[in-house]
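Each chain, letter by letter, is given below.
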Amino acid sequence: MTSAHANPVRVGVFGLLGSGNLGNDGSLEAVLGYLRAEHPEAVVDALCGGPEAVTARFGIPATRLHWNRAEYRTASRAGAIASKGVGKLVDAVRTAAWVRRHDVVIVPGMGVLEATLPLRPWGFPYALFLLCASGRLLRTRVALVSVGAAEIRNRPTRALVRWSARLAAYRSYRDAPSRDAMRAMGVDTARDEVYPDLAFSLPTPSAGTRPAGPPSGPPGPVCLGVMDFHGGNDDRARAEEIHRRYLDGTIHFVRALVAEGRPVRLLTGDDCDASVVTAVLDAVDSPLVTAAEPASLADLMAEMAAADTVVAVRYHNLICALKTGTPVLALCYATKSEALMADMGLGAYCHPAREVDADRLLEQFRELEKRSAELRRTLTERNLAAARRLEHQFTALTAALFPATDHAHAQTHAQTHALREAP
């Protein structure tokens, strides 16, 4: 790798970015912040799901991840199926050509090694495998940075994910269960570290933040993060039943809050969640229930910082609440949410998203609010610890991917230290 004074380092970022998922885009924002702060000489572009959105928001060139624009729509006609097949071959060539133009490729966070939501093996798992295989063949370092993982039962998906992880030059995970899952699937994780999710490195909005401790006036607003939830890969047979139970429980919960005079602010984390917002607003006709239209994790954090309490399903909705120090009750659909809540000191406040019991949810919510002041203090401490751990993540990433820069930083540090020690 050449130094910054010769040819600049060429860095690619890869993933389902710019596709309407706020958590994925927040992970990209965190990595771009790191690159601009620590490696301003790097030339960055993306291979991603929504290139126009990524270029418009982040100001970097971007290329579409899949040749076939209908990749994530189910193909039923013969022509559409044939087009998907051709697309797989074209994508192999396109991915290799893109990887060849880079010194380093970073996959920023996201649950790229899991199938906790419905996922077909020849969609993103195949795309990730093409990336990691191309990186190994073309000697481009591919880094899976603070990613999520879970054990996968579907054999083709499991094989693709396992080989993707094995072929990557660098791996770190956003929680210990993710590393354990990859070890259980046959990946040597002896040198892999665990760090907090990348979103914990994003700036936290301060405007409108409620002070720690009991509110002086009447109870404040409750933020409710909803999700178009139908279970995971293993729940396809009862997907509609799971969705109906989740939606009914959510509506019951909102009605109970409104009956107590509580303002409820509905939040999403992905474009597809809008249907759930509409269903709740239609079912609960009250001026106390309003909906936000967040376009980023910063927007989510601003909403949650002004709330008394948050109840949420999506992983990055939970992170936004935790990061703003707002007590949160998690509707959990995967181990990652339970691990996150435990790490942040709120492990007792989890509720199964597949089996929503509105009465039990209300009971947990009231217990959470009683301990609000104590939990806010806990979150302040845990957020400081997470920020420190992510500093170590970025230092480790520089050492693994940018050895020339890391050596220059070390020399500068040694020279500065020597000057300070000189008589």
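Residues numbered from 1 in each chain as written. Predicted model: local features only at pLDDT ≥ 70, side-chain atom pairs only at ≥ 80, totals over all residues. Heavy atoms only, no water.

Once that is clear, we can look at the packing of helix α10 (residues 315–323) against helix α11 (residues 335–343). Look at α10 against α11: their axes get within 10 Å of each other, and the N-to-C directions meet at 10 degrees. Judged by the inter-axis angle, α10 sits roughly parallel to α11. Taking contact as the criterion, the partners of Tyr315, Leu318, Ile319 and Leu322 in α10 are, on α11, Lys336, Ser337, Leu340 and Met341. Class assignment for the residues of the contact of α10 with α11 results in six nonpolar, one polar and one charged. (Axes fitted to C-alpha atoms, helices over the stretch in contact; angles between N-to-C directions. Helix = DSSP H or I, 4+ residues; strand = E, 2+ residues; numbered from the N terminus. Parallel < 35°, antiparallel > 145°, perpendicular 65-115°, else oblique. Contact = heavy atoms within 4.5 Å. Nonpolar A, V, L, I, M, F, W, Y, C, P; charged D, E, K, R; others polar.)

A separate point is the pattern of salt bridges. Counted by the stated rule, this structure contains 25 salt bridges. Between Glu355 and Arg245 there is a salt bridge, and its shortest N-O distance comes to 2.7 Å. Taken together, the residues Glu355 in the loop between β13 (350–352) and α12 (358–370) and Arg245 in helix α7 (residues 239–259) connect sequence positions 110 residues apart. Here Arg360 makes a salt bridge to Glu363, at a shortest N to O gap of 2.7 Å. With Arg360 and Glu363 both in helix α12, this residue pair falls three residues apart, about one helical turn. Linked through salt bridges whose partners overlap, the residues forming this network are Asp235, Arg238, Glu241, Arg245, Arg354 and Glu355. (Salt bridge = Lys/Arg side-chain N within 4 Å of Asp/Glu carboxyl O.)

In this structure, Phe14, Ile106, Leu113 and Leu128 are the most contacted members of the largest nonpolar core, which totals 125 residues. In terms of residue count, α7 provides more of this core than any other element does, nine residues in total. The residues contacting Leu113, other than those within four sequence positions of it, are Leu128, Leu144, Val147, Gly148, Ala149, Ala150, Ile152, Val161, Ala165, Tyr173 and Met182. (Core = buried A, V, L, I, M, F, W, Y, C linked by side-chain atoms within 4.5 Å. Buried < 20%, exposed > 50% of the residue type's maximum accessible area, 1.4 Å probe, protein only.)

This part covers α11. Burial in α11 covers these residues: Lys336, Ser337, Ala339, Leu340 and Met341. The elements touched by buried residues of α11 are α6 (176–184), α10, β12 (328–332) and β13.

On to the sheet that holds strand β10 (residues 289–291), then. Within a sheet, neighbouring strands are paired by backbone hydrogen bonds and run either parallel or antiparallel to one another. Across the sheet, which stays open at both edges, the six strands sit in the order β10-β9-β8-β11-β12-β13 with parallel pairing between neighbours. Of all the strands in the sheet, the pair left with one neighbour each is β10 and β13. Going across the sheet, the axis of each strand differs from the next one's by a mean of 20 degrees, ignoring polarity. The pairing of strand β9 (residues 264–267) with β10 spans three bridges and is classified as parallel. Across the sheet, residue Val264 finds its bridge partner in β10, namely Val289. Of the strands in this sheet, β8 (222–225), β9, β10, β11 (309–312) and β12 touch α7, which is tilted by about 170 degrees from β8. (Pairing = 2+ DSSP bridges.)

Okay, the pairing of β9 next. In the sheet, β8 pairs with β9 via four bridges, with the strands oriented parallel. Across the sheet, residue Val222 finds its bridge partner in β9, namely Val264. With α7 bridging β8 and its parallel neighbour β9, the resulting β-α-β unit is right-handed. Following the backbone out of β9, through helix α8 (residues 274–283) and into the adjacent parallel β10, one traces a crossover that is right-handed. (Right-handed = clockwise from strand over helix to strand, strands pointing away.)

Time to look at the side chain of His243. For His243, the position within the fold is in helix α7. A relative accessible area of 12% places His243 in the buried class. Setting aside anything within four residues of it in sequence, one finds His243 in contact with Asp228, Phe229, His230 and Val276.

For the rest of this paragraph, the subject is the environment of Arg255. Here Arg255 is to be found in helix α7. Among the residues examined, Arg255 registers a relative accessible area of 46% and is labelled partly exposed. Discounting chain neighbours no more than four positions away, the residues touching Arg255 are Ala283 and Val284.

Here the focus is the sheet that holds strand β2 (residues 43–48). An order of β3-β2-β1-β4-β5-β6-β7 is seen for the seven strands of this open sheet, with the pairing classed as parallel. Each having just a single partner strand, β3 (62–64) and β7 (193–194) make up the two edges of the open sheet. Alignment of strand β1 (residues 10–15) against strand β4 (residues 104–108), held across three bridges, turns out to be parallel. Looking at the pairing, Val13 lines up with Ile106 of β4. Those strands touched by helix α2 (residues 51–58) are β2 and β3, and its axis lies near 165 degrees from that of β3.

At Met110, a position not held by glycine, the phi torsion is positive, near 70 degrees. Structurally, Met110 can be placed in the loop between β4 and α4 (124–138). For Met110, a relative accessible area of 3% corresponds to the buried category. Residue Arg139 is not a glycine yet carries a positive backbone phi of 60 degrees.

Quick look at the packing of α4 against helix α5 (residues 155–167) now. Pairs of packed helices are described in terms of their axes, by the angle between the two and the distance that separates them. Orientation of α4 relative to α5, taken along the N-to-C sense of each, is 30 degrees, at an axis distance of 8 Å. Looking at the two axes, α4 sits roughly parallel to α5. Relative to α5, the crossing made by α4 is left-handed. Touching Pro125, Tyr126, Leu128, Phe129, Cys132, Ala133 and Arg136 of α4 are Thr157, Leu160, Trp163, Ser164, Arg166 and Leu167, all from α5. Here the residues of the contact of α4 with α5 are counted per class, giving nine nonpolar, two polar and two charged. (Left-handed = near helix turned anticlockwise from the far one by under 90°.)

Here the focus is the pairing of β12. Along β12, five of the five residues are buried, which leaves the element largely enclosed by surrounding structure. The side-chain alternation of β12 yields two buried faces, one formed by Val328, Ala330 and Cys332 and the other by Leu329 and Leu331. As for the winding sense of the linkage, the β-α-β connection from β11 through α10 to β12 is right-handed. The sheet contact formed by β12 and β13 spans three bridges and is parallel. Bridge pairing in β13 places Ala330 opposite Cys350. Following the chain from β12 across α11 to the adjacent parallel β13, one finds a crossover that is right-handed.

Take it as geometry only, folks, not as evidence of what the structure does.
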